[in-house]
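Structural overview for review
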Amino acid sequence: MSRAQLTRTGILRMALGGGGADPLLPAEGGGGRRAPFLLRALRIAVVVCLYWFTSIAMVFLNKYLLDSPSLRLDAPLFVTFFQCALTAALCLGLSLGAACGPPCAGLPTLRLDPKVSRSVLPLSAVFIGMVTSNNLCLKHVGVAFYNVGRSLTTVFNVLLSYLLLKQTTSLYALLACGVIIGGFWLGVDQEGAEGTLSWTGIFFGILASLCVSLNAIYTKKVLPVVDGSIWRLTFYNNVNACVLFFPLMVLLGEFRTLYHFDKLGSPSFWGMMTLGGVFGFAIGYVTGLQIKFTSPLTHNVSGTAKACAQTVLAVIYFEETKSFLWWTSNLMVLGGSFAYTWVKGLEMRKVQEDPNVKSGERNETGV
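These remarks concern the structure in this document. This is a predicted model, so every value here is computed, not measured.

Closest axis-to-axis distance for the helix α4 (residues 114-140)/helix α8 (residues 199-222) pair is 7 Å, and the angle between their directions is 155°. The angle between α4 and α8 falls in the class roughly antiparallel. Once α4 is placed against α8, the crossing between them reads as left-handed. Taken together, the residues of the contact of α4 with α8 break down into 16 nonpolar, ten polar and no charged.

And the structure:
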């Protein structure tokens, strides 16, 4: 999996891209007539637009909740905790609605098993690091720089694949990683030149990139514990995260911050919190839709293009002025990510077409 826009539903995205059928997603054609080209093209366009809208809206909503001058809420862990709790509640609600028929029919029944919960705990620790560092990076850097700030996921994927899985990477893929690293450092340099650099944000961006890669590896290890059900894993992961967030919030004094927060009783505040959580949950579903109606390669290309659009929108919305080199750093990151996705796609196709390659090796190539 290449550089993804991961949030608390990052596990759901990876699994949908990895293959298992999802009861919430439309079944792929099997024997019926294919829809006319115009209808299929329109459906793909709608799904891609829905993915773009959901993903971009989620980032802007989280930025508002984490760092809005009008809100002035310095409790990033609480925001993340609430969204994890809402994700768990939505999973449970969809499971309870399974008896009502489509579109919920086929969802597994969810119940909390302490033994399974303990088995998922190592992944949950990585998951907490991922969602927390993502949100802290977004809190300390602008939306326009957010894409560059956490752009090293692809690089960590390659590094961890070699260190933990002993998988080598082709020269062209390594060159693409080099372009991403160059774009990252140029972006850091330009943020410093403009006086908007936050080393705290950079630190959490790098940590987020590392945790995203580790999350993908641990997810593959833990999936058999929940019988390969991504919905069960999402449920257990978010329930565990809610429990683990409590001592962290106490340690960092966020309950005291909430006690003095003047908008704690505001319906508009809770409306924005709920909306942010719903968008965070929905991104996994619309990502799955995009992969179903296109392909994993097209999804990654769409994600790269979406990141570009998100950056431009952020610069316009916040009325920022950026230098030529700053834009160059973004183009390097986006171009490197696109090139890596394209190279891995060609390599996977070559492996799939080679009859001498074992099925296990084909699976490894897609990691």
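Moving on, we get to the side chain of Ser 213. Within the element layout of this structure, Ser 213 appears in helix α8. Not counting chain neighbours up to four residues away, the residues in contact with Ser 213 comprise Thr 153, Phe 156, Asn 157 and Leu 160.

This next bit is on the packing of aromatic side chains. Scanning the entire structure with this criterion turns up 17 aromatic pairs. Seen from their ring centres, Phe 184 and Trp 185 are 5.5 Å apart, and the 75° between their planes marks the pair as edge-to-face. Look at Trp 185 and you get exposed, because its relative accessible area is 52%. Each residue in the set Phe 78, Phe 81, Phe 82, Phe 246, Phe 255, Phe 261, Phe 269 and Trp 270 is aromatic and connected to the rest through ring pairs, giving one cluster. Sitting over the ring of Tyr 218, Lys 221 keeps its end group 5.5 Å from the ring centre.

Here Ser 266 lies in the loop between α10 (254-259) and α11 (267-293). A polar contact of 2.8 Å, which involves the side chain of Ser 266, links it to the side chain of Ser 268.

It is worth spelling out the state of the cysteines at this point. Here the structure, examined in full by the defined rule, presents zero disulfides. Cys 242 forms no disulfide, and the closest cysteine sulfur to it belongs to Cys 84, at a distance of 5.6 Å.

The next point concerns the nonpolar core. If you look at the biggest cluster of nonpolar residues, it comprises 54 residues, and the most contacted ones within it are Leu 73, Phe 78, Phe 145, Phe 245, Phe 269 and Met 273. Dropping the residues within four chain positions of it, Phe 145 is found in contact with Gly 187, Val 188, Glu 191, Ile 202 and Trp 326. In terms of nonpolar packing, the next biggest core, distinct from the first, is built from 16 residues, Cys 91, Val 116, Ile 230 and Leu 233 among them.

On inspection of all chains with the given rule, the structure shows eight salt bridges. Lys 322 is paired through a salt bridge with Glu 320; the nearest N and O atoms lie 3.8 Å apart. Residue classification places Glu 320 among the partly exposed positions, given a relative accessible area of 28%. The residue Lys 344 makes a salt bridge to Glu 347 at a minimum N-O spacing of 3.4 Å. Of this pair, Lys 344 and Glu 347 both sit in helix α13 (residues 324-353), three residues apart, which is roughly one turn of the helix.

Definitions and cut-offs
- Residues numbered from 1 in each chain as written.
- Predicted model: local features only at pLDDT ≥ 70, side-chain atom pairs only at ≥ 80, totals over all residues.
- Heavy atoms only, no water.
- Axes fitted to C-alpha atoms, helices over the stretch in contact; angles between N-to-C directions.
- Helix = DSSP H or I, 4+ residues; strand = E, 2+ residues; numbered from the N terminus.
- Parallel < 35°, antiparallel > 145°, perpendicular 65-115°, else oblique.
- Left-handed = near helix turned anticlockwise from the far one by under 90°.
- Nonpolar A, V, L, I, M, F, W, Y, C, P; charged D, E, K, R; others polar.
- Contact = heavy atoms within 4.5 Å.
- Phe/Tyr/Trp six-rings, centres within 6.5 Å; stacked < 30°, edge-to-face > 60°.
- Buried < 20%, exposed > 50% of the residue type's maximum accessible area, 1.4 Å probe, protein only.
- Lys NZ or Arg CZ within 6 Å of the ring centre and 35° of its normal.
- Polar contact = N/O pair within 3.5 Å; in protein donor to acceptor, adjacent residues only side chain to side chain.
- Disulfide = S-S within 2.5 Å.
- Core = buried A, V, L, I, M, F, W, Y, C linked by side-chain atoms within 4.5 Å.
- Salt bridge = Lys/Arg side-chain N within 4 Å of Asp/Glu carboxyl O.

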